[in-house]
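Remarks on the overall topology
As a plain string of letters, each chain reads:
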Amino acid sequence: MRVVTTAQPMDTQPLDVQPTPLALLLLGREADPKSERGVECPGDLPSPSDPDLVARARAAKEKLGDKVFILGHHYQRDEVIEFADVTGDSFKLARDAAAKPEAEYIVFCGVHFMAESADILTTDDQKVVLPDLAAGCSMADMATAEQVAECWDVLTEAGIAGNTVPVSYMNSSADIKAFTGKHGGTICTSSNAKKALEWAFEQGGPGETKVLFLPDQHLGRNTAVRDMGMSLDDCVLYNPHKPNGGLTVEQLRNAKMILWRGHCSVHGRFSVDSVNDVRARIPGVNVLVHPECKHEVVAAADYVGSTEYIIKTLEAAPAGSKWAIGTELNLVQRLANRFAAEDKEVVFLDKTVCFCSTMNRIDLPHLVWALESLAEGNLVNRIQVDKETESFAKLALERMLALP
């Protein structure tokens with residue numbers, strides 16, 4: 001290794017360098033009193049640089065006509081949502097695609113696992129397109145097929161795999177969904193997680209069955225403790241980066257819920273300090289958060305529910321009410337604009353900006369490129385799940401659809 005040093009005169013004295021306020025802020029040693037306090041902030045995403053993009057998107061979509069069906073997830077930016085035929089959460093959109101068999105192209109403005117689910121549920125003649133293949137999901141990436149297979153080996157060696165039912169969150173890869181289907185488990189959404197867990201615990205008889213919950217620890221813990229009356233001691237956290245998940249055989253055998261060490265990079269940012277701060281700033285505010293938030297945040301909130309629940313709660317809220325929302329910022333901004341006319345104040349729960357970085361990779365330039373390519377007869381960025389994986393993943397999804 002080459003080491004380079006710079007000689008200094010012997011009589012040189014150390015400079016009295018005082019860090020600037022900006023440097024202190026970047027070092028985390030100072031606070032910015034002008035941090036974003038609502039849904040407007042200096043970090044707003046810029047407008048598309050090409051003023052012709054909107055016209056080009058409209059022209060390409062018109063040319064494709066009924067051959068294309070565009071799905072827009074709630075967390076997408078407005079410039080993309082404008083061209084969506086339907087909006088919703090990941091599973092709703094996948095089902096909407098399946099209900100549109102006449103559409104040859106399904107353009108999914110979301111992230112990779114969502115497009116995979118759409119491919120699983122649509123016909124072989126339909127082609128699912130993701131405008132940017134780099135639009136992934138950090139949570140889904142926290143559980144790989146190899147890691148989960150190794151976990152199952154650990155459970156087998158502990159003698160509990162036979163009475164463990166996997167329940168996987170919709171926010172997981174097709175491989176994980178297939179693992180779940182192959183091992184007798186089901187998929188869940190943030191809306192029906194309680195029903196999925198109740199079903200799972202019925203599979204092996206009372207007092208016997210355990211659940212391996214993948215990949216979001218927070219949704220699993222919040223559902224088990226908040227909604228089903230379990231204790232935190234009933235839950236253990238399996239870390240795929242440690243031998244045996246960082247757990248003893250006794251811990252695994254005593255647990256009811258074996259939670260995978262995964263989380264959402266957006267919802268994981270919210271803290272109890274965020275809740276306390278917004279209550280101090282806005283007297284009478286209602287705190288409404290997604291169940292992917294940490295357990296202590298959920299416990300401190302007034303309302304907890306899925307993206308669809310959040311929207312419906314605000315729709316039913318009385319005029320003059322105040323709401324701090326703990327979910328992705330694009331959706332919170334959209335809700336704030338929508339309900340301002342009804343005299344409902346909607347702010348972002350955290351003081352700092354928190355877009356979903358991977359979801360925001362789907363922007364108007366990528367959407368225009370995908371639509372124009374399809375209009376010219378060029379299939380791009382197709383998401384296609386292999387048949388064996390699709391078969392077992394679909395089995396897990398069908399078990400979810402059969403839930404009461």
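Reference entry: report on the structure contained in this document. For clarity, every value in this text was computed on a predicted model and none was experimentally measured.

**What to know about the sheet that holds strand β11 (residues 303-304)**
If you trace the four strands from one edge of the open sheet to the other, you get β11-β10-β12-β13, paired in parallel fashion. Across the chains shown, the open sheet's two edge strands, defined by having one partner strand only, are β11 and β13 (345-348). The sheet contact formed by strand β10 (residues 286-289) and strand β12 (residues 322-326) spans four bridges and is parallel. Across the sheet, the residue bridging to Leu 288 is Ile 325, located in β12. Sheet contacts for helix α15 (residues 329-339): β12 and β13; angle to β13, the most-contacted strand, approximately 165°.

**Brief notes about the pairing of strand β5 (residues 164-169)**
Buried residues dominate β5, accounting for six of its six residues. With three bridges connecting them, β5 and strand β6 (residues 186-188) associate as parallel partners. Bridge pairing in β6 links Val 167 to Thr 186.

**Considerations on a negative patch on the surface**
A cluster of like negative charges, contributed by Glu 146, Asp 175, Asp 386 and Glu 388, occupies part of the molecular surface. As for its placement among the helices and strands, Asp 175 is situated in helix α8 (residues 174-182).

**Remarks on unusual backbone geometry**
Across the junction of Leu 214 and Pro 215, the peptide omega takes the value -20°, indicating a cis bond. Residue position: Pro 215 is located in the loop between β7 (210-214) and α10 (217-227). Its identity as a non-glycine residue notwithstanding, Asp 343 has a phi of 60°, on the positive side. Secondary-structure assignment places Asp 343 in the loop between α15 and β13. For Asp 343, a relative accessible area of 53% translates into the label exposed. The phi dihedral of Asn 381 falls on the positive side, at around 50°, and the residue is not glycine. Within the secondary structure layout, Asn 381 lies in the loop between α16 (364-375) and β14 (382-383).

**Let's talk about the pattern of salt bridges**
In the structure shown here, the tally under the stated rule is 17 salt bridges. The salt bridge involving Asp 124 is made with Lys 387; its shortest N-O contact spans 2.8 Å. Note that Asp 124 is positioned in the loop between α5 (112-121) and β4 (127-129) and Lys 387 in helix α17 (residues 387-401), a separation of 263 residues in sequence. Among the salt bridges present, the one from Asp 350 reaches Arg 269, with a minimum N-O distance of 4.0 Å. Of this pair, Asp 350 sits in the loop between β13 and α16 while Arg 269 sits in the loop between β9 (257-260) and α12 (272-281), and the two are 81 residues apart along the sequence. Accessibility expressed as a relative area gives 11% for Asp 350, which makes it buried. The partly exposed category is assigned to Arg 269, whose relative accessible area is 40%. Residues participating in the shared-partner salt-bridge network are Lys 67, Glu 104 and Lys 127.

**A word on the nonpolar core**
As a rule of thumb, soluble globular proteins bury nonpolar side chains together. Within the largest apolar cluster, 109 residues are counted, with the highest numbers of intra-cluster contacts made by Val 107, Phe 213, Met 257 and Val 289. At seven residues, the largest contribution of residues to this core is made by α16. Setting aside anything within four residues of it in sequence, one finds Met 257 in contact with Leu 197, Phe 201, Val 211, Phe 213, Gly 220, Ala 224, Met 230, Asp 234, Cys 235 and Val 236. Judged by nonpolar contacts, the second largest core, of 20 residues, contains Val 148, Trp 152, Ala 161 and Ile 176.

**Examining α8**
Extensive coverage of α8 is indicated by the burial of seven of its nine residues. Phi turns positive one or two residues past the end of α8, at Gly 184, with a value near 80°.

Each value, and the rule that gives it
Residues numbered from 1 in each chain as written. Predicted model: local features only at pLDDT ≥ 70, side-chain atom pairs only at ≥ 80, totals over all residues. Heavy atoms only, no water. Pairing = 2+ DSSP bridges. Helix = DSSP H or I, 4+ residues; strand = E, 2+ residues; numbered from the N terminus. Contact = heavy atoms within 4.5 Å. Axes fitted to C-alpha atoms, helices over the stretch in contact; angles between N-to-C directions. Buried < 20%, exposed > 50% of the residue type's maximum accessible area, 1.4 Å probe, protein only. Patch = residues over 30% accessible without salt bridge, like charges linked within 9 Å, V, L, I, M, F, W, Y side chains within 5 Å. Areas by Shrake-Rupley, 256 points an atom, 1.4 Å probe, with all protein chains shown as cover. Salt bridge = Lys/Arg side-chain N within 4 Å of Asp/Glu carboxyl O. Lys, Arg positive; Asp, Glu negative; His and termini not counted. Charge placed at Lys NZ, Arg CZ, Asp CG, Glu CD. Core = buried A, V, L, I, M, F, W, Y, C linked by side-chain atoms within 4.5 Å.

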